[in-house]
Amino acid sequence: MSQDPHHPPPDPGTVRLTLSVNGAEHELRLDSRVTLLDALRDELGLYGTKKGCDQGACGACTVLVDDRRVLSCLTLAAQCEGRQVSTIEGLSADGRLHPLQEAFLRHDGFQCGYCTPGQIMSAVALLREGRTGTDDEIREFMSGNICRCGAYPNIVAAIREVAGEGAR
Amino acid sequence: MTVRAFEYVRADDVGAAVAMVSADPAAQYLAGGTTQVDLMLKDGILEPERVVDITRLPLRGITADDRTLRVGALTTMEELAADPTVAGRLPFVRAALLAGASTQLRNMATIGGNLLQRTRCRYFRDPTVPDCNKRTPSTGCAAITGAGARMHAILGAGETCIALHASDLCVPLVALDTVVRVRGIEGERRIPLTEFYVLPGDRPDIETVLRHGDLVTGIEIPLPPAATRSGYLKVRDRASYEFALVSVAAALTVQGGTVTEARLGLGGVGTIPWRARAAEQILTGAPATVQTYRAAAEAELRDPFTVPGTAFKPELARRTIVRALAELGGGEA
Ligand SMILES: Cc1cc2nc3c(=O)[nH]c(=O)nc-3n(C[C@H](O)[C@H](O)[C@H](O)COP(=O)(O)OP(=O)(O)OC[C@H]3O[C@@H](n4cnc5c(N)ncnc54)[C@H](O)[C@@H]3O)c2cc1C
Ligand code: SF4
Ligand code: FES
Ligand code: FES
């Protein structure tokens, strides 16, 4: 079972792991209680992923693990060994924003911006899942991302635009 | 951190995982973590010394033959909802899955974990509340004496505990006579879902027939006959991403205006996923009319246990049952 026998952890309350985030590998030794969200922010300095409720209710901490959207606040960092984690920081390539980031800017898809990284990561997955057929479908499958500022109509508009002709 | 430290162990063998947890009262399984991490790290209600991560065990995947759908315990809710047999033969299972939680949570949450999710009772989840018979036996029940009950049970409930089993998925599953496959230190056994859960009685802390260390390895869902029509109706405070106030999973076969087979499960009302057998008895062999549906709803809700916060639920449940049945079986409202 479990731990690599060649590297027994010095203390049973800690884990050693390789965390792969946005294509870069990080060797970490963490307290077993550390969530993926806290590892990203406190260990790796990736502050784009936000802590809202820290309890599975708001979606601000949404990241992709092996291309599926999950809540990093309810995921232990230790569970992510060998998985590919993608965060908002990895979205733009060569200094160019992702189309969804541009669409959020164009449509004013935020006010305070606190929920925005989670909204955008969720929308990246939504596009891949093919759940952008109608505005109702977008709303239903984005319902795990709460926006306290109520930017919902503009968020839907931004996603609809990137999804292309299909949406109505 | 105020939460107790634990050892994290990643299991790669089913037998070894079962042996390890069975031998250690302070060890607990971790699947998708949407209940377990929440209660360990956020609420501090669960205090394992060892957490055994089972997500890498080979218990993932779905197979089907003509009669049965077999689902590995570590299959996620999203994976089960996307399965073509579920979409074609079990549309109300798919509907119940997609009506639950959010896509992010459904990508994490496993089927085994969904069966074993803990109650959302806010007093149970608040360690500063001393009186909770489920958390600490014989301390009382803050939900009954307090003013905050709403998302609580009215069936199978009593003076000791009114905590709801909040799963959506389990509502059609219990109606379909799903079987749970369990691996214990003495080997494999199969337990009908209708006998898997235990009513609170005088021991609300005991929720299922499982022994410590028993691992749910999968479920077997009998596929209903092709002529069966099924639906899942969930009534809640907001349109999405919310638990049910009342939900109904119904599967009806109607021939020549008569109900020949009825399966009915209720969510949002039971301390366990509720099989509505009294209603099924009234429905079977009766004309498919709203009068029949009303009688069925009446029979099931004959003796609810309510507190002021849940007093609205029996009538909401009756109406939801009638609407769900009328949508499937017709019969003029
Ligand atoms: C914000 C929020 C909203 C939600 N909304 C809904 C909803 O609308 N409808 C709904 O149905 N559910 C809802 N849920 C509940 C969610 O579906 C469950 O938390 C989830 O299914 C649990 O699965 P998991 O894999 O995450 O289990 P875990 O959290 O990992 O485990 C749950 C429990 O089961 C035990 N366990 C897990 N797998 C096994 C196994 N194979 N054998 C033995 N023991 C096991 C664990 O030790 C733990 O005690 C919601 C949850 C959250 C956080
Ligand atoms: S309803 Fe049950 S879980 Fe909730 S406070 Fe009462 S005893 Fe505890
Ligand atoms: S911070 Fe994770 S869901 Fe709110
Ligand atoms: S923009 Fe402020 S919470 Fe969404």
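Fair warning: this is a prediction, and the values are worked out from it, not measured in the lab.

What follows is about the pattern of salt bridges. Under the definition given, this model contains 40 salt bridges over all chains. One salt bridge connects B:Lys234 with B:Asp168, and the closest N-O pair in it is separated by 2.8 Å. On the criterion of sequence distance, the pair formed by B:Lys234 in strand S9 (residues 229-235) and B:Asp168 in the loop between helix H8 (142-145) and helix H9 (170-175) is long-range, its members being 66 residues apart. Given a relative accessible area of 14%, B:Lys234 falls into the buried group. For B:Asp168, a relative accessible area of 7% gives the class buried. A salt bridge links B:Glu188 to B:Arg181, with the shortest nitrogen-to-oxygen separation between them at 3.1 Å. A cluster of three or more residues bridged by salt bridges with shared partners is formed by A:Arg69, A:Glu129, A:Arg131, B:Glu78 and B:Arg106.

Residue and element names in this part refer to chain A. Segmenting chain A into domains produces domain 1 (14-90) and domain 2 (99-163). With 15 residues of domain 1 in contact, the opposing surface of domain 2 contributes 18 residues. Where domain 1 abuts domain 2, roughly 1300 Å² becomes buried across the two surfaces, and 55% of that area is made up of carbon and sulfur atoms. The tally of links from domain 1 across to domain 2 stands at 2 salt bridges. Viewed at the interface, domain 2 and domain 1 are joined by 7 residue pairs in polar contact (both at pLDDT 80 or more). Counted by class, the side of domain 1 that touches domain 2 contains 5 nonpolar, 6 polar and 4 charged residues.

The partner chain A presents 39 residues to the 43 residues of chain B that form the contact. Where chain B abuts chain A, roughly 3200 Å² becomes buried across the two surfaces, and 53% of that area is made up of carbon and sulfur atoms. Of all residues in chain B, B:Tyr8, B:Gln104 and B:Tyr241 give up the largest surface area on contact with chain A, accounting jointly for 20% of the area buried on that side. Put simply, chain B and chain A have 3 salt bridges between them. A salt bridge links A:Arg131 to B:Glu78, with the nearest nitrogen and oxygen atoms 3.1 Å apart. No other element matches the 6 residues that helix H6 (residues 103-108) of chain B contributes to the side of chain B that touches chain A. Considering only residue class, the side of chain B that touches chain A consists of 19 nonpolar, 10 polar and 14 charged.

We now examine the site of ligand 1. Residue and element names in this part refer to chain B. The environment of ligand 1 is made up of 33 residues, and the closest members are Tyr29, Thr34, Gln36, Thr110 and Asp168. Here an oxygen atom of ligand 1 and a side-chain polar atom of threonine 110 are 2.7 Å apart. Side-chain polar atom of asparagine 114 to an oxygen atom of ligand 1: 3.3 Å apart, as the coordinates give it. In isolation ligand 1 has 980 Å² of accessible area, and contact with the protein removes 95% of it. Only strand S2 (27-30), helix H7 (111-115) and strand S8 (215-222) provide two or more residues apiece to the shell around ligand 1.

Thresholds, definitions, all that
Residues numbered from 1 in each chain as written. Chains lettered and ligands numbered in written order. Predicted model: local features only at pLDDT ≥ 70, side-chain atom pairs only at ≥ 80, totals over all residues. Heavy atoms only, no water. Salt bridge = Lys/Arg side-chain N within 4 Å of Asp/Glu carboxyl O. Helix = DSSP H or I, 4+ residues; strand = E, 2+ residues; numbered from the N terminus. Buried < 20%, exposed > 50% of the residue type's maximum accessible area, 1.4 Å probe, protein only. Domains from an automatic or database assignment. Contact = heavy atoms within 4.5 Å. Buried area = accessible area lost by both parts, 1.4 Å probe. Polar contact = N/O pair within 3.5 Å; in protein donor to acceptor, adjacent residues only side chain to side chain. Nonpolar A, V, L, I, M, F, W, Y, C, P; charged D, E, K, R; others polar. Near = heavy atom within 4 Å. Areas by Shrake-Rupley, 256 points an atom, 1.4 Å probe, with all protein chains shown as cover.

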